[in-house]
Amino acid sequence: MKKLTLIISILAIALTLSACGNKTANVSHNDVLIQFGNNKITTSDLYYQMLEADKGATVINQVAKYILDQEIETTDEIIAEAEKQLADIKVEMEGDLSSLMKSYGFETEEELLQQIIYSVKSDKLIDKYISTNLDSIYEQYKPFKAQMIYIEINSTDDPDGEAAKQEAQLVVDLLKSGASFEEVSKEHSDKTSYGTETLYTTESTLDYNVLAYAQSVSSPALSDIILNNNKTGYYVVQVTVTNKEQLKEDFISSLKNNSDFTSLVENSYFRDHNFQLYDILTYTYIDNNYSEYLSND
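The paragraphs below set out a description of the structure included in this document. (Residues numbered from 1 in each chain as written. Predicted model: local features only at pLDDT ≥ 70, side-chain atom pairs only at ≥ 80, totals over all residues. Heavy atoms only, no water.)

### With respect to helix α6 (residues 162-176)
- Its 15 residues place the ends of α6 21 Å apart at the C-alpha level, agreeing with the 21 Å of an ideal helix rising 1.5 Å per residue.
- Of the positions making up α6, those classed as buried are Ala164, Ala168, Val171, Val172 and Leu175. One face of α6 carries all of its buried residues, which in axial projection span an arc of 95°. For α6, the exposed residues lying more than 90 degrees away from the buried face are Gln166 and Lys176. (Helix = DSSP H or I, 4+ residues; strand = E, 2+ residues; numbered from the N terminus. Expected span 1.5 Å × (residues − 1). Buried < 20%, exposed > 50% of the residue type's maximum accessible area, 1.4 Å probe, protein only. Arc of directions from axis to C-beta.)

Given below as structure tokens:
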């Protein structure tokens, strides 16, 4: 899952950028960091080498950390949660974190802990966004739970689909008489995985006609037979849960594991904090690689 803690920074360079009208900045720290012979590498040189190497990712990462600090207080509870995660990592690594820290450029456990703290804060920020916008999120995603039975039309043996249609009607009759959905699915469905109750939203990969039916009901219901959109089979759909409170826990969990949604959250907070760039090269790298973080203004 893509989070605000996007990239672990090995180099953290503090630069002061002064804004100019043409998005060109004056880098105020031009101290020589490295010299060999007559060749000198300044802080400014290193900054632009960093941009070229990571395409602006470190800039985004540092801004993300700033936003997290502004939006989410580092409480004792968050620190305790991060310490628990670090302890769990130690167990996984059998107590030896050296290879992990080396691979990500951390010199101490404290540096690793700080990164985990930002990860925890990132989760809290997503929770905050969901809590603030839950009604509109429900309206956008229209979640529901359902289980389905699918009967495919055999174009060779059943070219007009009549046999499949009759079997689908038999399924509806069996379910209406009280038969177990699981057992009927095992016996009749060509896609038995559909027989398991699953959370779906408007973003789910579902047949258009099935989704249209599910969105048309406001309480648990069993469909009549539904010919799928490309006319290759029939669905029978049992919508099992439509109540928001009953859906809430699973729906929020699904959102937090949806990279498109978490990206939307990140972008929203970047816009809320008026993220702008005043250096033309930095702007170009971010625009080319992370344009979603830039304001359209």
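From this point, things continue past the structure.
### Some remarks on the packing of aromatic side chains
- All told, the structure shown has eleven aromatic pairs when counted by the stated rule.
- Looking at lysine 191, its charged tip hangs above the ring of tyrosine 150, at a distance of 4.9 Å from the centre. (Phe/Tyr/Trp six-rings, centres within 6.5 Å; stacked < 30°, edge-to-face > 60°. Lys NZ or Arg CZ within 6 Å of the ring centre and 35° of its normal.)

### Examining the packing of α6 against helix α7 (residues 181-188)
- Relative orientation of the contacting elements α6 and α7 amounts to 165°, with a least axis distance of 10 Å. Relative to α7, the element α6 is oriented roughly antiparallel. Seen along the crossing, α6 lies across α7 with a hand that is right-handed. Side by side, α6 and α7 meet where Glu167, Leu170, Val171, Leu174 and Leu175 of the first sit next to Phe181, Val184 and His188 of the second.
- The residue inventory of the contact of α6 with α7, partitioned by class, reads six nonpolar, one polar and one charged. (Axes fitted to C-alpha atoms, helices over the stretch in contact; angles between N-to-C directions. Parallel < 35°, antiparallel > 145°, perpendicular 65-115°, else oblique. Left-handed = near helix turned anticlockwise from the far one by under 90°. Contact = heavy atoms within 4.5 Å. Nonpolar A, V, L, I, M, F, W, Y, C, P; charged D, E, K, R; others polar.)

### Focus: a negative patch on the surface
- A cluster of like negative charges, contributed by Glu83, Glu107, Glu110 and Glu111, occupies part of the molecular surface.
- With respect to the helices, strands and loops of the structure, glutamate 111 is situated in helix α5 (residues 109-141).
- A relative accessible area of 33% means that glutamate 111 is categorised as partly exposed. (Patch = residues over 30% accessible without salt bridge, like charges linked within 9 Å, V, L, I, M, F, W, Y side chains within 5 Å. Areas by Shrake-Rupley, 256 points an atom, 1.4 Å probe, with all protein chains shown as cover. Salt bridge = Lys/Arg side-chain N within 4 Å of Asp/Glu carboxyl O. Lys, Arg positive; Asp, Glu negative; His and termini not counted. Charge placed at Lys NZ, Arg CZ, Asp CG, Glu CD.)

### Examining the packing of helix α1 (residues 43-54) against helix α11 (residues 280-289)
- Between α1 and α11, whose axes approach to 10 Å, the crossing angle comes to 15°. Here α1 is positioned roughly parallel relative to α11, judged by the angle of their axes. Helix-helix and strand crossings are classified by hand; for α1 and α11 the assignment is left-handed. For the pair α1 and α11, the contacting residues are Tyr47, Tyr48, Leu51 and Glu52 in the first and Leu281, Thr282 and Tyr285 in the second.
- Split by residue class, the contact of α1 with α11 holds five nonpolar, one polar and one charged.

### Details of helix α2 (residues 57-71)
- Given a rise of 1.5 Å per residue, 15 residues ought to cover 21 Å, and the 21 Å separating the end C-alpha atoms of α2 matches this to within 8%.
- Buried residues in α2 make contact with α1, α5, α10 (259-272) and α11.

### Points about the environment of lysine 121
- As for its position among the elements, lysine 121 is in helix α5.
- Other than its neighbours up to four places away in sequence, lysine 121 contacts Leu68, Asp69, Ile72, Thr74 and Ile78.
- In terms of polar contacts, lysine 121 uses its side chain to reach the backbone carbonyl oxygen of isoleucine 72, at 3.1 Å. (Polar contact = N/O pair within 3.5 Å; in protein donor to acceptor, adjacent residues only side chain to side chain.)

### Digging into the nonpolar core
- Formed by 45 residues in total, the largest nonpolar core has its most connected members in Phe261 and Phe275.
- Looking at this core, the elements that each hand over two or more residues are α1, α2, α3 (76-92), α4 (98-104), α5, α9 (244-256) and α10.
- If one sorts the elements of this core by residue count, α5 sits on top with 14 residues.
- Those residues within four positions of phenylalanine 275 in sequence are excluded, and the remaining contacts are Ile60, Val63, Phe270, Ile286, Tyr293, Leu294 and Ser295.
- Membership of the second largest hydrophobic core comes to 15 residues, among which are Met148, Val217, Tyr235 and Val237. (Core = buried A, V, L, I, M, F, W, Y, C linked by side-chain atoms within 4.5 Å.)

Take it as geometry only, folks, not as evidence of what the structure does.
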